[in-house]
Structure formats: structure tokens, C-alpha cells
Amino acid sequence: MHILGTTIAPEDLRVPYRVLGALGIGVMLFFAQRSIRLHRDARTFFLSMLMVSSSGLVVCLGYVELYAMSYALTAAFFFTMWDAFKGKGPLWLPAALLTAAAAFGASALIFLPAWCFAALASTTMGNSPRGNTRLLIALLVLTGSAAVIIATFPSGGWSGAYILPSASIEDVQRGMSFGWQRYTMFSAAHFTDIANVLLLTAGAAAVALPVLLWAGRRSGVLAQPLFQFSIVALAGALVLLFEGNAALGLARDWDIAALPSLAVLFSLVVLVDHLASTRLITFSTATIAFVLTAVVSLYSWAVLNHDGDASALRLRTLVHADSEYLLPHNTYHGFENVRKYAVKVRNGDLALGSVKDQIGTGYETMTSYRRAFDLISAMTDTERRRQELRWLLDALSTGLAAGAEPQSFRFLPREELRGFATRVLLSALQAGDAQLAREYATRIRVVAPDWKEEGWIAVFSDTTLSLDAKTALAEASTDARTAEPTLLDLLGQLYEMNARFPDAAATYEHALRRDSLNFPETYISLVRAYDQIPGSEARARETLSRLVRNCRNTAQARQAMRALEAQTQRR
């Protein structure tokens, strides 16, 4: 697995997901044609066409394909349940498919009560309508009880990105964010989002199902075991939507939000099948109407989403609009989706704009500052880079001047802010912008009189200093509390230049304790230092292993993997 992880470049990471998407399509088509071959009737063909051509399938496979197999196996579950109720298949097969679907995405378990209904009702199916109805009511009560338990638990003080609290809560997951959340299960905005999710993933079926059910309320459909099964499945699907954060929880993973559409589509097919058999509607007319609706839905989806940049900007606008109702960490992750897309397509302006949006939430601010700095450093336009550096240094200076209470989620340790501001100033010096560095060094000196790292400016700007003097000044500007890994890495390099390899190794280790995931070059420097220290061969090998483990998909990790393999072969 290490070899696989280190040989796939970052831009290729979507390949496994695309493979899952292709496999998902294959699984759906296989079980669809299997049902058609078993039944050889128009009803089954209608079921297959509607579920395979739904916009929910496009949502699932078009997002990131992460839950593609879960979606496909759940669709296969419904196909095989259709077979079982029609007397063309066993009940163990849908159970196996649902288990496999849950292995790829636990959300598929919302349909477990429906399978239980089918299994328990199978002994009396068709012979005891009252017994099946009592069983239906019992399972609906059980599903509702589970919903109440899930809804009550978050209101006690915890809320993830996916489960909404039932009422406004304070102190949501300590260390994540604090404040009041107005977007809750019973808010009007949430009900609007649920309706939007159903329209997006199920299309016209979401509207047609309640209309046809009302029209055929006296047709006896509610007593049909197959429709009762679909009701239990639909109840689980609605629980998932009702308790899920449709704004920035489920909407972060549209493939999960698409799962309930399968229950809606299946219920519609069962209802149309029954109403056609009782001649309340014409089956051929219904088939044509829903197939045309599916085609229009797919076409509209393609037209709306063919431009990825436009879609990302729409999401960014929506996240801004919902930020008033959501907790900062939810808003932060909404902007994170935009940032990931921008990085994938190498849209630097959109990526930097998203990072600035993230900084505005006050959540994970230092992470966003570092990402902004990396994006600014990569700019080729000198004037634009200078402007963005000014923005970043302004933000850091303001942060040092303002501060925050330690219990606030906006709290930023001064040591970390000072060290990072020093790194940015050193970058300006290296880029030849000494005036900018001097200007902001003066500002930081005023707002942060405890600026211990200031000596680093002289290390890089004073050309009269000898190597020993630079090393001494860097040592005086760095101590055990220094939080900026880059400064520690630079000190380690000075130690190496002075042949002080044990000191260099200790400093590199200190830097990696501060951040072990984002500085693969420091691992290489540490290995180089250990190579100069007698008896440190084992530590050098262990450092290479840490590099491979912590910094996968980097050139340094691949280099370390080759070095470890060469050492193994020599043994």
C-alpha cells in the first residue's frame, strides 16, 4: 500500500474513484438487465429505465464517485427486492447486496428496516394483510424512534457536519467552533433544502409520488406488501434527509444525498404498477411521461454543470449566503470544497479567493494563512504577488495586535503568528523586496514587542555577518517555543554549514514535531544530518520510513521509498 500511495501523483488521485464510478454503472446495468430478463414485462423495464436514468445517478457519479458502489449496490438491492416480491428471486440476495452497499457507505443501512419488513412479512405475504399492516406500523414506529434518538443526541452538545441539532445549541464540539446555530432540523431553510435535494436527485418523481398516492388512496395500494415495503424504505430515506445537514453536510457529499432518491423512484414505480393494474392510469402514458422527464432532467443537469468554474462560483455564492445560519466550521468546509476544485484545475485566483473566504470564518485560520502564502509564492506576476503579500502581512499584523481569548475558536497563539509572519518577511527578502520587508518589520515590532524571531531579518539582510555570527543570531532568535517549522529548518541548515550535525538533527526533529505532514524536505535534511553522525544509520532509516508514511504522494517520499528498497536489497 505504501508503494501504491507514493507512486500515484496528486493529480491522479481521482482515478480510483473513477474506477469505482465505472464499476457502479456496471453493477447497476447488470442487475437491471437481470431483472428484465427474469420478468420480461414492461413494468420491470420501466423500473430499470427510471432508476438507471435518474438524475440521482448523475449526482452520485458526477460528484467524486466515492460512494458510487454504495449507490449502485443499493439500486441492485431494490432490483432484487422487486424480483423477490414478484416470486422471481430469494431474499438472501438483496440482504447480501445491502450489506455490501453498507461496506462502501454506511448510509445504505437506512434501508435495513425495509428488508426486515420483507423478511418478516414473507411468511404471511398475501395471506394476512392485517398482519403486514401491523408489521408496517411497528417498523415505522421503530424508524421514528431511531430518528428521535439521533435527533436528541446532538442537541446535548455535539453536532457533526452531517447531523443537524434539533434546536439551537451553543458550544458545538469544543475546539471546533462556538456560537449559535440557527440552521436546525425544524428551520424553514432546512425544509427548503430538503425539497431542493429531492427535486435535484429524484426529479419529477418527488412531485408525482404524493400526487399519485393521493389520487389512488382508495385503490387499495396501501395494503399491498410491495408498496408497504417501499413505504418503510421511503421512511428511512426521509429520516436521512430530515436529520442530515442539507446545506453544508449532505451537500458536501451529494452522492450521499442521492441515496434517498432510490426509495422515491422505487415507490413511484410500485405505485404506477398498481394504479395501471386497476386502470386508474394508463401505464404507457406514465412510462412516456417519466422517461421524457428523466431525459429533460439529465439534459438540464448537463447544461447547468458543464462549466466547472461556474459551478464552483455558484457553490461559493451559496456558502456565503448560508454563512449567516451555519456554524463557522460548516462554512469553512463549504469553502474547502471550492478550494479543492480550484487546486485540481489549477485556478489560482479561485483558490486564493476561497482561502480568503476560509480565513473570514475564523476557523483553522493558521492553516488558511499557510495555504494563502503558498498560493501567493507561486504567483509569477511580481506586482500581484507584492499586493497579496501586503494583504497577508496586514492580516497577520492585525491578528498580532488584536489577539483573542484562549477559549475562543478564533484564538491564534502569538508564537505561531510571530513565527509565520517572520517566514513571510523572509520570503519578501528572498524575492528582492527589501522595502516591503522593512515596512512590515516596523509594524510587527510595534504590535508585537515580544517579537523574538526578529533577528532572522538581519540573518538574511545583513551581508556583513559571518557564518558564525549568523548562526549565533539565529540561535538567539529561536528557542523551544518557536512554532514555525520553516525557521527551525533554516537553523538546522546553518548548523549543517557549521558541521554541527547533532545540533542540526535535533533542530530538524523539533521542526517535524511542530509539523510532520507538510515539510517533506525537512525529513531529507534530517536524513542527511544523521548520515554525518556515526552510529545513526538506524535513525536515518526510521526517518525515511516516517517520510514515506507521513508525506505520501510527494517526490521526497518516492525518493525515500527508493532509498529504503536499495538498502533492503544490499542486505
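All of the points below concern the structure found in this document. (Residues numbered from 1 in each chain as written. Predicted model: local features only at pLDDT ≥ 70, side-chain atom pairs only at ≥ 80, totals over all residues. Heavy atoms only, no water.)

Notes on the overall build of the protein chain
Stated precisely, the cut-off is as follows: Numbering of helices and strands runs from the N terminus; a helix is a DSSP stretch of H or I covering at least four residues, while a strand is a stretch of E covering at least two. Two residues form a contact once any of their heavy atoms are found within 4.5 Å. What sets the accessible areas is the Shrake-Rupley method with a 1.4 Å probe; for residues, cover comes only from the shown protein chains.
The helix and strand tally for the protein chain stands at 28 helices and zero strands. Expressed as a percentage of contacts within the protein chain between residues at least 6 apart in sequence, the contacts between residues at least 24 apart total 67%. Of the roughly 26400 Å² that the protein chain leaves accessible, carbon and sulfur atoms contribute 60%.

Describing the environment of Thr 293
Spelled out, the test is: The cut-offs for exposure are 20% and 50% of the maximum accessible area for each residue type, with area from a 1.4 Å probe on protein chains only; residues under the lower value are buried, those over the upper are exposed, and the others partly exposed.
By the element assignment, Thr 293 lies in helix α14 (residues 283-305). Judged by its relative accessible area of 28%, Thr 293 falls in the partly exposed class. When the C-alpha positions of Thr 293 and Ala 204 are compared, they lie 6.7 Å apart, and in sequence the two are 89 residues distant.

Digging into helix α26 (residues 520-531)
How we decide: The span expected for a helix works out to 1.5 Å for each residue beyond the first.
The first and last C-alpha atoms of α26 sit 17 Å apart over twelve residues, in line with the 16 Å expected at 1.5 Å per residue. Burial within α26 is extensive, with nine of its twelve residues counted as buried. By the burial criterion, the buried members of α26 are Pro 520, Thr 522, Tyr 523, Ile 524, Ser 525, Leu 526, Val 527, Ala 529 and Tyr 530.

Brief notes about the pattern of salt bridges
Pairing between side chains of opposite charge can happen when their charged atoms approach one another. Here is the rule we go by: Salt bridge, as applied in this entry: a Lys or Arg side-chain nitrogen positioned within 4 Å of an Asp or Glu carboxyl oxygen.
Inspection of every chain in the model, using the stated rule, returns 28 salt bridges. One salt-bridge network, held together by shared partners, links Arg 370, Asp 374, Glu 416, Arg 423 and Glu 484.

Focus on helix α24 (residues 485-497)
What sets the pattern is the α-helix's 3.6 residues per turn: residues three or four places apart point alike. When the terminal C-alpha atoms of α24 are compared, their 19 Å separation across 13 residues agrees well with the 18 Å that a helix rising 1.5 Å per residue should span. Among the 13 residues in α24, eleven count as buried, and that is most of the element. Every buried residue of α24 is accounted for by Pro 485, Thr 486, Leu 487, Leu 488, Asp 489, Leu 490, Leu 491, Gly 492, Leu 494, Tyr 495 and Glu 496. The first or second residue beyond α24 is Ala 499, which carries a positive phi of 60°.

Notes on the nonpolar core
To keep things clear, this is the line we draw: We define the nonpolar core as a collection of buried residues of types Ala, Val, Leu, Ile, Met, Phe, Trp, Tyr and Cys that are connected through side-chain atoms lying within 4.5 Å of one another.
The biggest cluster of nonpolar side chains holds 68 residues, and the ones touching the most others in it are Phe 78, Phe 111, Phe 229 and Leu 268. Broken down by element, the residue count for this core peaks at 13 residues, all from helix α13 (residues 259-277). Filtering out sequence-adjacent residues up to four positions away, Phe 229 remains in contact with Phe 77, Phe 78, Met 81, Phe 85, Ala 114, Trp 115, Phe 117, Ala 118 and Phe 266. Of all hydrophobic cores here, the second largest spans 60 residues; its members include Leu 352, Ala 395, Leu 400 and Val 548.

A short note on the packing of aromatic side chains
Filter applied, for reference: A pair of aromatic rings is counted whenever rings of Phe, Tyr or Trp (Trp by its six-membered ring) have centres within 6.5 Å, and the orientation is called stacked for planes under 30 degrees apart, edge-to-face for over 60 and tilted otherwise. For a lysine, the NZ atom is tested; for an arginine, the CZ atom; a charge sits over a ring if that atom is within 6 Å of the ring centre and within 35 degrees of the ring normal.
Counted according to the given criterion, the structure contains 13 aromatic pairs. Relative to Phe 242, the ring of Phe 191 lies with its centre 5.9 Å away and its plane at 40°, an arrangement referred to as tilted. Here the residue Phe 191 occupies a position in helix α9 (residues 188-202), and Phe 242 occupies one in helix α11 (residues 225-243), the gap between them amounting to 51 residues. Site record: aromatic cluster; members linked through ring pairs are Phe 77, Phe 78, Trp 82, Phe 85, Phe 111, Phe 229 and Phe 266. The ring centre of Trp 82 lies 4.7 Å from the NZ or CZ of Lys 86, which sits over that ring.

A look at empty space enclosed by the protein
Rules: The way it works is a 1 Å grid over only the protein atoms, where trapped points that fit a 1.4 Å probe form a cavity and open points with protein on both sides within 12 Å along at least five of seven lines form a pocket, and then any residue with an atom within 4 Å of a point lines it. Grid points are joined across faces, edges and corners, and a volume is the space filled by probe spheres set on the points. Residue classes follow a fixed rule: Ala, Val, Leu, Ile, Met, Phe, Trp, Tyr, Cys and Pro count as nonpolar, while Asp, Glu, Lys and Arg count as charged, and any other residue, Gly among them, counts as polar.
Applying the stated rule across the entire model yields two cavities of 30 Å³ or more. Here the largest cavity defines a volume of roughly 100 Å³. Every residue lining the largest cavity is counted, 13 residues in all, and those nearest its centre are Ala 202, Gly 203, Ala 204, Thr 293 and Ala 294. Listed by contribution, the elements that provide at least two residues to the lining of the largest cavity are α10 (204-215) and α14. The biggest single contributor to the lining of the largest cavity is α14, with four residues. Residue composition of the lining of the largest cavity, by class: seven nonpolar, six polar and no charged.

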